[in-house]
Amino acid sequence: MSVSEKNCELSVPESDLCQSVCFYYRVDETGNLSYLSPSVEGILGFPASKLLGKLYSDVFDFEHSLGSLLSKPEHVYQKTFTSNSRCAVVQHENGELVVLDLHERPLHPGEDNSGGLEGVAYNITPYVTAAVKLSEGEQKYRRLVEGLGGDYAIYTHLPNGELTYVSPSVKEILGYEPREIIGLNWRELIGEDFVGRETADQVLADVQAGVRFYKFSVEVAHASGAKRLIEIQQRPIFSPDGEYVLMEGIAKDITETTRNAEEIRRLKDELEERVFQRTRELRLINDQLAESESRYRSVVEDQTEFICRWNEGGIYTFVNQAYCRYMNQSEKQLLGASFLPNIIDEDRSRVLDEIAGLTPQVPTVTSEHRVRDSEGNLRWHHWTNRALFDEDGTLTGYQSVGRDITDLKLVEDLVQEREEHLKRVSRLATMGELISGIAHEIHQPLHAAQLFAEAARRNLEMEGAANIATAIDCTREITNSISRTATIIRQLHSFTTNKPSKFEYLDINEVIREAVAILSYETKKAGVKLHLALQQRSHAIYADRVQMLQVFVDWFRNAFEAMSDNEPDDKHLVISTRYDRKELIVELCDNGAGTELENTERLFDAFYTTKPGRLGMGLSICKTIAETHHSKVHARNNPGRGMTFALQIPVAERTKQ
Amino acid sequence: MSSTSANDEPIVYIVDDDEQVRKALVALVQAMGVASEAYSSAEEFLQMFSGRRPACLVTDVRMLGMSGLELQERLLQLGVSMSVIVLTAFATTPTTVRAMRNGALTLMEKPSNDEELWNAIRGGLAIDRRNYELEQQRSVLKERLESLTPKEKEVLQLMIAGDANKVIARKLDCSIRTIENHRQKVFHKMEADSLAELVRMAVALGIVPNLV
């Protein structure tokens with residue numbers, strides 16, 4: 001609006017306002033001011049004399065934009081002023097503009113004048129100021145409304161529902177230009193089945209019933225036909241006489257918000273559902289877990305390891321429930337009793353030895369032994385025994401954790417049985433190959449014995465002291481020969497025995513010599529010179545004698561074979577023993593052909609053989625035997641000629657007595 | 001080893017690689033009152049062998065190095081004859097055949113039956129003593145034969161063929177007188193008293209009458 005643009009300052013001297021509301025003036029036929037009532041000074045700041053004689057149109061500006069403001073019909077103050085008046089703007093003495101409403105009438109020439117006009121000028125500056133202020137406020141308000149964006153629209157409608165104003169932001173909400181819907185009944189935008197329809201229909205009745213503020217949600221048709229959920233806040237406007245004339249309100253599109261809210265609610269519901277589901281699953285799992293735990297617990301309680309504490313002499317000082325159950329005795333029955341009598345005689349001294357060997361440095365030992373259970377059945381037990389020492393190193397008792405390994409043993413035994421069987425078959429095969437040589441070996445002493453016997457008889461027949469002495473010598477020789485036969489047969493027997501493997505403390509030198517004896521004929525036949533380089537200080541090994549023999553016999557024979565193409569006087573086999581920390585190493589070093597195998601360990605693979613007609617089980621069985629003895633076997637080509645086979649076996653902790 | 005080349009005393013040679021068996025055999029032979037020598041291998045025996053004397057060889061078949069059968073064959077090659085008793089733990093047919101073909105007196109399984117070996121050794125010694133004597137005689141005869149001149153040998157040939165001096169003289173185109181001288185020398189050199197003895201010696205020497 002131009003008022004503010006021209007930056008016109010309007011002000012009314014407040015004190016004068018009441019008494020200086022108007023002044024009277026007369027204008028002569030030439031247009032000069034011929035009279036001014038004194039009140040003009042209160043309004044314009046000039047005394048009447050100052051203005052008299054001036055041209056009426058110079059003082060009163062009828063074209064001023066402020067004046068045109070009054071001609072706008074929509075202004076409220078229009079009613080106050082009659083349309084036969086006109087506005088003029090006069091500059092106050094202090095420079096401010098004063099708006100006057102002029103009510104004038106022409107003066108007819110005659111009487112005491114020569115024509116012209118007279119009128120009353122009302123000072124309407126305060127109204128205009130107010131109007132301008134109002135106009136500015138409305139501008140602001142309008143700008144605010146017009147500038148509304150997003151989800152809000154402002155509207156007004158008549159009581160009959162006809163829309164009289166809609167802010168442009170309606171376009172964004174409902175897709176209509178304001179002009180498209182102004183003049184429509186807003187109810188037409190609400191379909192019959194739309195949510196909130198009833199509330200909308202209720203509005204008029206409510207207004208009449210005295211409800212003055214509405215807030216409700218209603219679905220409104222979008223230009224595209226879609227539904228938008230609109231939140232309505234509206235307020236009826238009443239005329240001064242209480243008549244309902246207008247409804248103004250704000251519409252807020254809450255479709256997205258609602259949808260979002262619904263989405264959020266849905267998500268929340270889903271989440272809750274999921275949480276619920278998970279909780280239920282968890283509870284289920286928990287239940288199952290608890291169930292399996294209780295089952296497990298019952299299993300544990302039934303099968304768990306035995307725990308007991310005991311004093312010297314095997315007297316129980318503590319037993320756990322599992323052990324009681326296993327022993328089929330109450331805790332009371334067990335405490336004070338000793339477990340030693342339960343261990344079978346064959347194993348008892350060994351167990352006692354193991355326990356006696358415990359020290360603060362080596363406080364634990366595992367033990368496997370056989371026990372008679374309450375029904376007299378033989379059961380295998382596995383115990384980890386720990387000696388308990390106080391700070392001074394004094395033995396205070398023992399604690400043992402154990403379990404019944406009978407079933408395990410059975411399986412183990414089966415596997416072991418198979419292995420033993422294989423080893424035995426292999427020994428028998430070896431024996432089959434050695435047998436004619438061994439028969440020769442047996443026949444020799446038998447033959448000798450027989451000859452000595454005959455010689456003795458002949459000498460005795462001849463009588464004479466010298467002959468008797470010779471005969472006695474002969475009988476001595478008979479004894480020797482028979483012993484020799486017996487020894488060979490014993491070796492043979494033990495080598496082919498079907499007895500279960502028996503671990504014992506062995507002198508390795510004796511074992512090696514025995515192998516040499518078994519192979520004495522083979523050695524002779526092969527023309528091999530044996531060199532024994534055995535350590536005199538002989539630690540015991542804990543091993544099965546027959547299986548050890550089997551390894552050495554096999555290696556010897558391999559060596560003999562490897563040396564078969566050597567010159568007759570150039571077949572040397574060195575058997576040596578040495579100790580490397582806790583291990584005994586037995587090496588057989590030949591000067592034979594060696595192997596072309598890059599990976600000499602492959603020699604120990606089952607069925608690997610370079611000899612036609614052989615199964616190739618020998619060395620693989622050697623390996624199996626070594627493993628049974630917690631030992632290792634190696635084979636390597638010598639730097640020069642031939643090969644070395646080595647057995648690395650732990651030295652038994654207990655040296656042989 | 002006390003033998004000398006001129007030793008006629010019978011001896012039992014024992015070849016066995018088992019010391020105890022050797023000792024036992026020595027004891028047994030000692031009980032016979034017969035000398036013995038024991039060797040641990042065929043090679044050792046051959047190396048130490050010092051000449052022919054009445055002997056019985058007792059050898060094992062299976063030994064380190066040369067076997068008993070190989071030893072037997074080696075002795076045959078060398079022209080050394082003696083009684084041979086082969087001992088074996090297991091008598092197989094091929095072993096037996098080979099041993100017997102090589103002239104073994106017997107092949108025995110050990111341990112042998114009581115007295116069997118005893119008897120075999122004694123038998124072997126007896127046989128070889130006789131053989132030895134024959135050999136000795138033959139070598140004497142051979143020496144005598146070698147002392148004859150070629151002419152005398154011719155005369156000997158014709159004599160044992162039964163020719164009369166006259167026939168011999170005509171065959172050799174000599175005078176009867178000359179033949180008679182040769183005859184005398186032959187009888188003398190061969191130390192024969194009669195034509196019959198001379199014929200027996202010729203048979204022993206394997207001289208076949210030259211029946212022209």
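Just above, that's the structure.
Conventions adopted
- Residues numbered from 1 in each chain as written.
- Chains lettered and ligands numbered in written order.
- Predicted model: local features only at pLDDT ≥ 70, side-chain atom pairs only at ≥ 80, totals over all residues.
- Heavy atoms only, no water.
- Pairing = 2+ DSSP bridges.
- Helix = DSSP H or I, 4+ residues; strand = E, 2+ residues; numbered from the N terminus.
- Axes fitted to C-alpha atoms, helices over the stretch in contact; angles between N-to-C directions.
- Contact = heavy atoms within 4.5 Å.
- Core = buried A, V, L, I, M, F, W, Y, C linked by side-chain atoms within 4.5 Å.
- Buried < 20%, exposed > 50% of the residue type's maximum accessible area, 1.4 Å probe, protein only.
- Buried area = accessible area lost by both parts, 1.4 Å probe.
- Salt bridge = Lys/Arg side-chain N within 4 Å of Asp/Glu carboxyl O.
- Polar contact = N/O pair within 3.5 Å; in protein donor to acceptor, adjacent residues only side chain to side chain.
- Expected span 1.5 Å × (residues − 1).
- Patch = residues over 30% accessible without salt bridge, like charges linked within 9 Å, V, L, I, M, F, W, Y side chains within 5 Å.
- Areas by Shrake-Rupley, 256 points an atom, 1.4 Å probe, with all protein chains shown as cover.
- Phe/Tyr/Trp six-rings, centres within 6.5 Å; stacked < 30°, edge-to-face > 60°.
- Lys NZ or Arg CZ within 6 Å of the ring centre and 35° of its normal.

Caption draft 1: Just the sheet that holds strand β12 (residues 316-319) of chain A, in detail. Residues and elements named next belong to chain A. On the basis of which strands lie adjacent, the open sheet formed by 5 strands has the order β12-β11-β15-β14-β13 and antiparallel pairing. Lying at the two open borders of the sheet, with one neighbouring strand each, are β12 and β13 (364-372). This sheet shows a mean twist of 25° between the axes of neighbouring strands, independent of strand direction. When strand β11 (residues 306-310) meets β12, the two strands line up antiparallel, connected through 3 bridges. Directly across from W310, in β12, lies its bridge partner Y316. Set on the sheet, helix α13 (residues 345-356) makes contact with β11, β13, β14 (378-389) and β15 (395-404); between it and β13 the angle comes to about 160°. With respect to the sheet, helix α14 (residues 406-462) is in contact with β13, β14 and β15, its orientation differing from that of β14 by roughly 115°.

Caption draft 2: Quick look at the nonpolar core. One finds F552, W555, F556 and L573 of chain A to be the most contacted residues of the largest nonpolar core, which totals 52 residues. By residue number, the principal contributor to this core is helix α18 (residues 545-562) of chain A, which donates 9 residues. Setting aside its immediate chain neighbours within four residues, F556 of chain A contacts A515, V516, L519, L530, L573, I575 and L588 of chain A. In this structure, A448 of chain A together with V12, M32 and C56 of chain B belong to the second largest nonpolar core, which totals 29 residues.

Caption draft 3: Examining the interface of chain A and chain B more closely. With 27 residues of chain A in contact, the opposing surface of chain B contributes 25 residues. Summing the contributions of chain A and of chain B, the shared interface buries around 2400 Å²; its carbon and sulfur component is 56%. Ranking the residues of chain A by area buried against chain B places H447, L451 and R458 of chain A at the top, with a combined share of 23%. The partner of E115 of chain B in a salt bridge is R457 of chain A, with the nearest N and O atoms 3.2 Å apart. Linking chain A with chain B are 8 residue pairs in polar contact (both at pLDDT 80 or more), by the criterion used here. Element by element, the count of residues in the side of chain A that touches chain B is highest for α14 of chain A, at 19 residues.

Caption draft 4: Region of the structure containing α18 of chain A. All names here are of chain A. Spanning 18 residues, α18 covers 26 Å between terminal C-alpha atoms, matching the ideal 26 Å at 1.5 Å per step. α18 sits mainly inside the fold: 16 of its 18 residues count as buried. The N-capping residue of α18, defined by a side-chain oxygen 3.0 Å from the backbone nitrogen of V546, is D544.

Caption draft 5: Highlighting the pairing of strand β19 (residues 572-580) of chain A. Residues and elements named next belong to chain A. Burial along β19 is one-sided: the residues L573, I575, T577 and Y579 are buried and none of H572, V574, S576, R578 and D580 is. Bridge count between strand β17 (residues 529-533) and β19: 5 bridges; the pairing is parallel. Looking at the pairing, L530 lines up with L573 of β19. Pairing between β19 and strand β20 (residues 583-590): 8 bridges, direction antiparallel. Bridged to S576 within β20 is E587.

Caption draft 6: Region of the structure containing the pairing of strand β6 (residues 152-157) of chain A. All names here are of chain A. Of all 6 residues in β6, 5 are buried, a share of seventy percent or more. Note: β6 against strand β10 (residues 244-253), 6 bridges, orientation antiparallel. Opposite Y152, over in β10, you have K252 as the bridge partner. In terms of strand pairing, β6 meets strand β7 (residues 163-166) through 3 bridges, oriented antiparallel. The residue of β7 that forms the bridge with Y155 is V166. Hairpin connection of β6 to β7: 5 residues between the antiparallel strands, including G161 at a positive phi of 100°.

Caption draft 7: Inspection of a nonpolar patch on the surface at higher detail. Residues and elements named next belong to chain A. Residues L282, I285 and L289 make up a contiguous nonpolar surface patch of roughly 270 Å² in combined accessible area. By the secondary structure assignment, L282 is in helix α10 (residues 255-303). Among the residues examined, L282 registers a relative accessible area of 43% and is labelled partly exposed.

Caption draft 8: Quick look at the sheet that holds β7 of chain A. All names here are of chain A. Across the sheet, 5 strands lie side by side as β7-β6-β10-β9-β8; this open sheet has antiparallel pairing. Lying at the two open borders of the sheet, with one neighbouring strand each, are β7 and β8 (214-221). The average undirected angle you get between the axes of adjacent strands in this sheet is 30°. Running over the sheet, helix α9 (residues 197-209) touches β8, β9 (227-238) and β10 and is turned about 135° from β8.

Caption draft 9: Seen up close, the packing of aromatic side chains. On inspection of all chains with the given rule, the structure shows 24 aromatic pairs over all chains. Grouping aromatic residues by their ring pairs yields a cluster made of F306, W310, Y316, Y323, Y326, F339, W383 and Y398 of chain A. Its end group placed over the ring of W118 of chain B, R458 of chain A keeps NZ or CZ at 3.6 Å from the ring centre.

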